[in-house]
Amino acid sequence: MSDSDIEDSSAPLIEHLAELRTRIIRAVMAFVVGMVICFAVSGPILDFLLVPIEKSMRALGNPNPVMQYTAPQEYFFTLIRISMVGGLAISFPVIAYQLWRFVAPGLYRNEKNAFLPFLIASPVLFLMGAAFAQYVVVPLAMTFFLGFADLPSFVGALVTNGGDVAAASTDTGIDIVFNGKVNESLDITLKMIVAFGLCFQLPVLLTLMGKAGLATARGLRATRKYAVVGILTVAALVTPPDVTTQLILFVVVYGLYEVSIFLVARVEKKRTEELRAAGVLDEDEDLFAEFDEDDK
């Protein structure tokens, strides 16, 4: 190979690397701008994220909920964490657009038409999962944990006083008071939001695998029992040790799994119809028949 051939073959690689660098720089700049914007309003965002625990504390009889921090830098870095997560959420459309602009020239038209809807659906589903966690799951978890501290004392007092509720409610003994730290309480909320947001990506992931031929509807149906075990494991790992929260996550994710089976089946049906219209397949021929035989 001559030197000119090497230069000609390396030129596209250099152009691709330059293009990649440009896209990465723009994505990072968008993230930094989003982070700065979120830091400017990080106080109200923190108040919003702490609404579930505030309502739980008020519902349990605390008229003036108070959160604390025990290190001088703790509150500042808590706001930084909020800014990073919020900046990523704000800049995701720009990051996704830069990703799209980088990979789109190498895709066929049908591949572009197939990929673009998922690029739009992904952030929408993440926001749905985050909203579900913020408004449903986190309040249930906070109510469970904060109410559990009062339950043993109350039951013990009932047993001691022979079931007398009035006597059990008197001010005797030692009060167990929740003095919550801002960063630890926020950590639970952010973990739940991210966990549910990612779990809501399941239909996007499995449908993309179906379009790529890596998954079939029959294969997903055949692995339901394994999916149940996997979802239960994920629910146990990403949620607090609260049976109610784990059950909610399992029901939601398993429902998304069934939706994914339906979407993959539609993808297979559409692909089969296109191949039949093009004359590649006969009317009685099924593109996925061999996969069905393997799964039996």
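These numbers come from a predicted model, not from an experiment.

Caption draft 1: Geometry of the confidence of the model for the chain. The predicted model of the chain has a mean per-residue pLDDT of 77, with 75% of residues at 70 or higher. Per-element averaging of pLDDT across the chain places helix α6 (residues 165-168) at the bottom with 45 and helix α2 (residues 42-49) at the top with 90. Between residues 151-170, whose pLDDT stays under 50, and residues either more than four places distant or in other chains, the model counts 11 contacts. Counting contacts from residues 290-296, a segment whose pLDDT is below 50, to residues more than four positions away or on other chains yields seven contacts.

Caption draft 2: Main features of the packing of aromatic side chains. Per the stated rule, a full pass over the model turns up eight aromatic pairs. Between the aromatic rings of Phe-76 and Phe-77, the centroid separation amounts to 5.4 Å while the plane-to-plane angle is 75 degrees, which identifies the pairing as edge-to-face. With a relative accessible area of 43%, Phe-76 lands in the partly exposed category. With a relative accessible area of 47%, Phe-77 lands in the partly exposed category. Centroid distance Phe-132 to Phe-196: 5.7 Å. Interplanar angle 45 degrees. Geometry classified as tilted. Highlighted residues: Phe-132 in helix α5 (residues 109-160) and Phe-196 in helix α7 (residues 182-199), separated in sequence by 64 residues. Relative accessible area serves as the criterion here: at 23%, Phe-132 is assigned to the partly exposed category. An aromatic cluster of three or more residues is present, and its members are Phe-39, Phe-76 and Phe-77.

Caption draft 3: Geometry of the side chain of Gln-98. Within the element layout of this structure, Gln-98 appears in helix α4 (residues 74-103). For Gln-98, a relative accessible area of 8% corresponds to the buried category. There is a polar contact of 2.9 Å between the side chain of Gln-98 and the side chain of Arg-23. Apart from residues no more than four positions distant in its own chain, Gln-98 is found in contact with Arg-23, Arg-26 and Ala-27.

Caption draft 4: Here's a closer look at the packing of α4 against α7. Close contact between α4 and α7 brings their axes to 10 Å; oriented N to C, the two are set at 15 degrees. Comparing the axis directions of α4 and α7 gives the class roughly parallel. Here α4 runs over α7; the crossing is left-handed. Contacts between α4 and α7 involve Glu-74, Thr-78, Arg-81 and Ile-82 from the first element and Val-182, Asn-183, Leu-186, Asp-187 and Leu-190 from the second.

Calculation criteria
- Sequence order sets the numbering: in each chain, residues are counted from 1 along the sequence as written.
- Totals for whole chains, interfaces and linings use every residue, but because this is a predicted model, local features are given only for residues with pLDDT of at least 70 and side-chain atom pairs only at 80 or more, for both listing and counting.
- Side-chain descriptors were evaluated using all non-hydrogen atoms of the structure, hydrogens and water having been removed beforehand.
- One confidence number per residue, pLDDT, is output by the predictor and ranges from 0 to 100.
- For the purposes of this entry, the term helix denotes a DSSP run of H or I that reaches at least four residues, the term strand denotes a run of E that reaches at least two, and both are numbered from the N terminus.
- Throughout, a contact is declared for two residues whenever any of their heavy atoms are within 4.5 Å.
- Aromatic contacts are taken between Phe, Tyr and Trp rings whose centres are within 6.5 Å, Trp giving its six-membered ring; a plane angle under 30 degrees counts as stacked, one over 60 as edge-to-face, and the others as tilted.
- Exposure categories follow from relative accessible area, calculated using a 1.4 Å probe and restricted to protein chains: below 20% of the type maximum is buried, above 50% is exposed, and the middle band is partly exposed.
- We call two N or O atoms a polar contact when they sit within 3.5 Å, provided that within protein one can donate a hydrogen and the other can accept it, with sequence-adjacent residues counted only if both atoms are side-chain atoms.
- Axis lines are fitted to C-alpha atoms, over the contacting stretch for helices. Their N-to-C directions set the angle, which ranges from 0 to 180 degrees.
- Convention used here: angles under 35 degrees read as roughly parallel, angles over 145 as roughly antiparallel, angles from 65 to 115 as roughly perpendicular, and any remaining angle as oblique.
- By convention, the crossing between two helices is left-handed when the near helix turns anticlockwise from the far helix through less than a right angle, and right-handed when the turn is clockwise.

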